[in-house]
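Reading the structure
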Amino acid sequence: MEQLLEQIETYKKEIRGFSAADTKAVEEFRIKYLGTKGVVKSIMGEMKNVPVDKKKEFGQVLNDFKTFAEEKFESLKSSSSGQVDTVNGPDLSLPGDPVALGSRHPITLMRNRIVSIFQRLGFAVAEGPEIEDDWHNFTALNLHEHHPARDMQDTFYVQHPSAGGVDWLLRTHTSNVQIREMEKGKLPIRGIYPGRVYRNETVSARSHCFFHQVEGLYIDENVSFADLKQTLYFFVREMYGKDVKVRFRPSYFPFTEPSAEMDVTCFICGGTGCNICKKTGWVEILGCGMVHPNVLLNCKIDPSKYTGYAFGMGIERPALLKYGINDIRLFSENDVRFLNQFTGAI
Ligand code: DAH
């Protein structure tokens, strides 16, 4: 049995190294390996000498060998047919090699949609670091030291605060970019900040330990809540169509005062109530508010002269809903069968 296996290996090496300069050589290959008196047939004939308990295992090896030789034959055939015929020239009627097209990731598609709507309003795109310090992710955003959102359960610390030195962490939201942009000291600011964020959550079909957000910020003299509402109305109309209704609910975020959450009528059921909107007819899409004076002060901006608004929204949820995807994990598994479905989308 050992001998038979060795023999197969030797033939495989031989086949692998075989190259055919012309169609005659390809035919020689076929006769030698795949012909009625060829190597594959004769090796197959050895099956009868294999003990019963090994038949299954060897059957597999022999079949693989046969496929191996057949595949080589096919590849020799196709490469030799593409060879330059010195009498008639190359065969220009042959089809070209197919070009494999990549595709944009559904999260990228959704991010681009969101960002481009604000770009049209004059918002400039910026990005910030995913590994962040405590100041930009929490303290400067008016999240005091004992705020519950800082709880270890939510935040991945790169270096735990007790280790001393800089408290590095994986940012829990894109609001850190607000601070970084305000700290640059150039006013007014009208920016849109997409990026990836991390939270220490159990991974399931509905939540993940990393996801994506888009943050918006507008700081200038005389910016009011009415400006915020008008901008977001425009966004909703462009994103979900003019028939979608909007509602603001009072809410709380440490970095804005007043704060609100914005809902739109469910774009799956149109507001009549379904599983997605939990029968309420409304889907929450973002948090927003007027930038808290403490946040402005932390960035050395004078709150008696400047005001501003900010908002933050997730990208995954609208993407799940738009593309009818039922498991958030699909976004990060790199399964080409999933990703290929977005080929051609821009
Ligand atoms: N950072 C918030 C979150 O991750 C979202 C948010 C709410 C951002 C209100 C804002 C805001 O800028 O004003 O849930």
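Per chain, residues are indexed from 1 in the order of the written sequence. Local features are withheld for residues below a pLDDT of 70 in this predicted model, meaning they are given only at 70 or higher, and side-chain atom pairs are given and counted only at 80 or more; totals for whole chains, interfaces and linings count all residues. Where side-chain values are given, they derive from all heavy atoms of the structure, hydrogens and water being excluded.

Some remarks on the site of the ligand
Inclusion rule: Working definition: residue near molecule or strand if any one of its non-hydrogen atoms lies within 4 Å of it. Here a polar contact is taken to be a pair of N or O atoms separated by no more than 3.5 Å, where protein atoms must pair a possible hydrogen donor with a possible acceptor and residues adjacent in sequence count only if both atoms sit in side chains. Each helix is a run of DSSP H or I of at least 4 residues and each strand a run of E of at least 2, with the numbering of both proceeding from the N terminus. Basically, the charged four are Asp, Glu, Lys and Arg, the nonpolar ten are Ala, Val, Leu, Ile, Met, Phe, Trp, Tyr, Cys and Pro, and anything else, Gly included, counts as polar.
Around the ligand, 15 residues are found, and the nearest of them are H173, Q178, R199, Q213 and E215. Within the side chain of H173, one N or O atom sits 3.0 Å away from a nitrogen atom of the ligand. Between Q213 and the ligand, the recorded distance is 3.0 Å, taken from a side-chain N or O atom to an oxygen atom. Secondary-structure elements contributing two or more residues to the shell around the ligand are α7 (175-183), β5 (210-220), β8 (282-291) and β9 (307-314). Split by residue class, the shell around the ligand holds 5 nonpolar, 8 polar and 2 charged.

Focus on the nonpolar core
Which entries qualify depends on this criterion: Note on terminology: a nonpolar core comprises buried Ala, Val, Leu, Ile, Met, Phe, Trp, Tyr and Cys residues joined through side-chain atoms within 4.5 Å. Relative accessibility under 20% of the residue-type maximum defines a buried residue, over 50% an exposed one, and the middle range a partly exposed one, all with a 1.4 Å probe and only protein chains included.
Formed by 38 residues in total, the largest nonpolar core has its most connected members in I114, F118, F235 and F311. Those elements giving two or more residues to this core turn out to be α5 (106-119), β5, α8 (225-240), β7 (256-265), β8, β9, α10 (316-323) and α11 (336-339). The element contributing the most residues to this core is α5, with 7 residues.

Observations regarding the pairing of strand β6 (residues 246-253)
Our working definition: Any two strands between which DSSP finds at least two bridges are classified as paired.
In this sheet, β7 lies alongside β6 in antiparallel orientation, the contact comprising 7 bridges. Opposite R247, over in β7, you have D263 as the bridge partner. As consecutive antiparallel partners, β6 and β7 are separated by 2 residues.

Observations concerning the pairing of β7
Burial within β7 is extensive, with 8 of its 10 residues counted as buried. Note: β7 against β8, 8 bridges, orientation antiparallel. Bridging across to β8, V264 finds its partner in V283.

A word on the domain arrangement of the protein
Note the threshold: Where each domain begins and ends follows an automated or database-derived domain assignment.
Taken domain by domain, the protein holds domain 1 (2-80) and domain 2 (106-342). For domain 1 and domain 2, the distance between their C-alpha centroids amounts to 60 Å.

Observations concerning the environment of W168
So the rule is basically this: We call two residues in contact when some of their heavy atoms are within 4.5 Å.
Considering the arrangement of structural elements, one finds W168 in strand β3 (residues 168-170). By relative accessible area, which is 32% here, W168 ends up partly exposed. In this structure the C-alpha to C-alpha distance between W168 and I131, which are 37 residues apart in sequence, comes to 6.7 Å. Aside from chain neighbours lying at most four places away, what touches W168 is I131, E132, D133, Y157, V158 and Q159.

Re the packing of helix α1 (residues 2-17) against helix α2 (residues 23-34)
Here is the rule we go by: Orientation is described by axes fitted as lines to C-alpha atoms, over the contacting stretch for helices, and by angles from 0 to 180 degrees between their N-to-C directions. Roughly parallel means an angle under 35 degrees; roughly antiparallel means over 145; roughly perpendicular covers 65 to 115; every other angle is labelled oblique.
Two elements in contact, α1 and α2, have axes whose closest approach is 12 Å; the angle formed by their N-to-C orientations is 170 degrees. Viewed along their axes, α1 and α2 adopt a mutual orientation that is roughly antiparallel. On α2, the residues touching Y11, E14 and I15 of α1 are F29, K32 and Y33.

Notes on α8
An α-helical segment advances 3.6 residues per turn. Residues three or four places apart therefore align on the same side. Inclusion rule: Expected helix span is taken as 1.5 Å per residue step, with the number of steps being one fewer than the number of residues. To be clear, the arc concerns the directions from the helix axis to the C-beta atoms.
With 16 residues, α8 extends 22 Å from end C-alpha to end C-alpha; this agrees with the ideal 22 Å at 1.5 Å per step. Buried residues of α8: L228, T231, L232, F235, V236, M239 and Y240, and no others. Take α8 and look down its axis: the buried residues cluster within an arc of 140 degrees, on one side only. Of the surrounding secondary structure, the elements contacted by the buried residues of α8 are α5, β6, β7, β8, β9 and α10. Count one or two residues on from α8 and you reach G241, which has phi positive near 100 degrees.

Comments concerning the sheet that holds β9
Here we have 7 strands laid out as an open sheet, ordered β1-β4-β5-β9-β8-β7-β6, and mixed in their pairing. Unpaired on one side and paired on the other, β1 (124-125) and β6 mark the two borders of the sheet. With 8 bridges joining them, β5 and β9 adopt antiparallel strand pairing. When the sheet's bridge partners are listed, E215 is paired in β9 with G312. The sheet contacts of α5 involve β1, β4 (189-198), β5 and β9, and relative to β4 the element is tilted by about 165 degrees. Relative to β8, α10 is tilted by about 155 degrees, and along the sheet it contacts β5, β8 and β9.

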